[in-house]
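Structural features, examined
Spelled out from the first residue to the last, the chains are:
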Amino acid sequence: MKDKTSIIALQNKLLSWYDKHGRKTLPWRNLGKNKNELGFDERLSGINRAYGVYISEIMLQQTQVSRVLRDFYFPFLEKFPSLKALARADESELLKAWQGLGYYSRARNLKLCALQCEAEFKGILPRKKDELLRLKGIGSYTAGAIACFAYDEAVSFVDGNIKRVLSRIFKLEQASLKELGNLAELILNKNNAFDHNQALLDLGALICTPKIPKCGLCPLYELCEGKFQPLNYSKSKKTKYEKLNLNALFITYEDKIVLEKSKTKLYKGLYNPILAQTKPINALYIGSFKHSYTKYKLEIKVYIQRLKNKEDYEFIALKELELLPLSNLCLKALKLFNQARFS
Ligand code: SF4
């Protein structure tokens, strides 16, 4: 499979599959097109191609394409339409625009990266992979993706989807990142790196899926060495989770509530109910929910304490909550809070 003829066959099959079945209409794949060209999205007029690609790549790191498209990409670009806007962004507003996407260090890094571009690259994202790699929050995959998808550089890269496809095609059980990187480079179609890389990503997302790969529909079936036992060649390391029980307390007074702005690394800058491992006293239990956060599997019990006097707390009016960046944990707890409030 590593001979030249097979590689050319793979490249051709991949491209003709992408032509018919690829997700070619995704807006970030059509940035930089002119108004009348196929695939142009009005909502992105005026958005710099590299910037639009960069934002999409960061959002897609941990979030599904459909959610990014439906809920986040366009509103974010409307609020922060350029690197310059990002560099000037108020952290709270930035976190608010990121609310629901999780992994908030990504949002904080966006601003740091924008500032770095101003200081080192005249306010634009550089085009070379090694320069992109110097930027905050940009790792090897993202640097390659920006170089290729924003600047048409003929570079290869490996993400989770490409890793799975390569491992199966070449029948590799535990390939190192270096080995996979070399294989991605070996099969790279330098004449059309943009479509080639998008095709690999799409093949991994749509056909060569983790649990039930659709080998019967795969354009690479004839060439794939791992097609008879694909699941043997894509075992991902099982994440070890730590279980943690937490209590979340909402202190209320009239139509106001106490929320804490987190200073810890975990939720820095985001608002949460008062979280503690000890059960709050004189508070009403209103329900519980499960929540995953990085390596933690949390079981959260939610309580309300209604005060008759204001005491020394700093309260926030309930109607102002929509302006604050709230953690996903806080949003889930607020659901229970609202149910209890209106029942
Ligand atoms: S034939 Fe099956 S295992 Fe091989 S690349 Fe295609 S979908 Fe993946």
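Summarised in this report is the structure supplied together with it. (Residues numbered from 1 in each chain as written. Predicted model: local features only at pLDDT ≥ 70, side-chain atom pairs only at ≥ 80, totals over all residues. Heavy atoms only, no water.)

Further remarks concern the overall build of the chain. Within the chain, the regular secondary structure consists of 12 helices and 8 strands. Principal axes of the C-alpha set define a box for the chain whose edges measure 80 × 45 × 35 Å. Each of the 343 residues in the chain was classed as buried or not, and the buried ones make up 49%. Put simply, 66% of the contacts in the chain that link residues at least 6 apart link residues at least 24 apart. Computed over 57 positive and 35 negative side-chain charges, the separation of the two mean positions in the chain equals 5 Å. (Helix = DSSP H or I, 4+ residues; strand = E, 2+ residues; numbered from the N terminus. Buried < 20%, exposed > 50% of the residue type's maximum accessible area, 1.4 Å probe, protein only. Contact = heavy atoms within 4.5 Å. Lys, Arg positive; Asp, Glu negative; His and termini not counted. Charge placed at Lys NZ, Arg CZ, Asp CG, Glu CD.)

Assignment of secondary structure puts asparagine 272 in strand E4 (residues 271–272). Taking relative accessible area as the criterion, asparagine 272 reaches 4% and is therefore assigned buried. A polar atom in the side chain of asparagine 272 sits 2.5 Å from the side chain of serine 327. Filtering out sequence-adjacent residues up to four positions away, asparagine 272 remains in contact with Leu259, Glu260, Tyr267, Ser327, Leu329 and Cys330. (Polar contact = N/O pair within 3.5 Å; in protein donor to acceptor, adjacent residues only side chain to side chain.)

Once that is clear, we can look at the packing of helix H9 (residues 160–169) against helix H10 (residues 177–187). With their axes 10 Å apart at the nearest point, H9 and H10 run at an angle of 80° to one another. Classified by the interaxial angle, the pair formed by H9 and H10 is roughly perpendicular. From H9, Lys163, Leu166 and Ser167 reach across to H10, where they touch Leu180, Leu183, Ala184 and Ile187. Looking at the contact of H9 with H10 residue by residue, the class counts come to 5 nonpolar, 1 polar and 1 charged. (Axes fitted to C-alpha atoms, helices over the stretch in contact; angles between N-to-C directions. Parallel < 35°, antiparallel > 145°, perpendicular 65-115°, else oblique. Nonpolar A, V, L, I, M, F, W, Y, C, P; charged D, E, K, R; others polar.)

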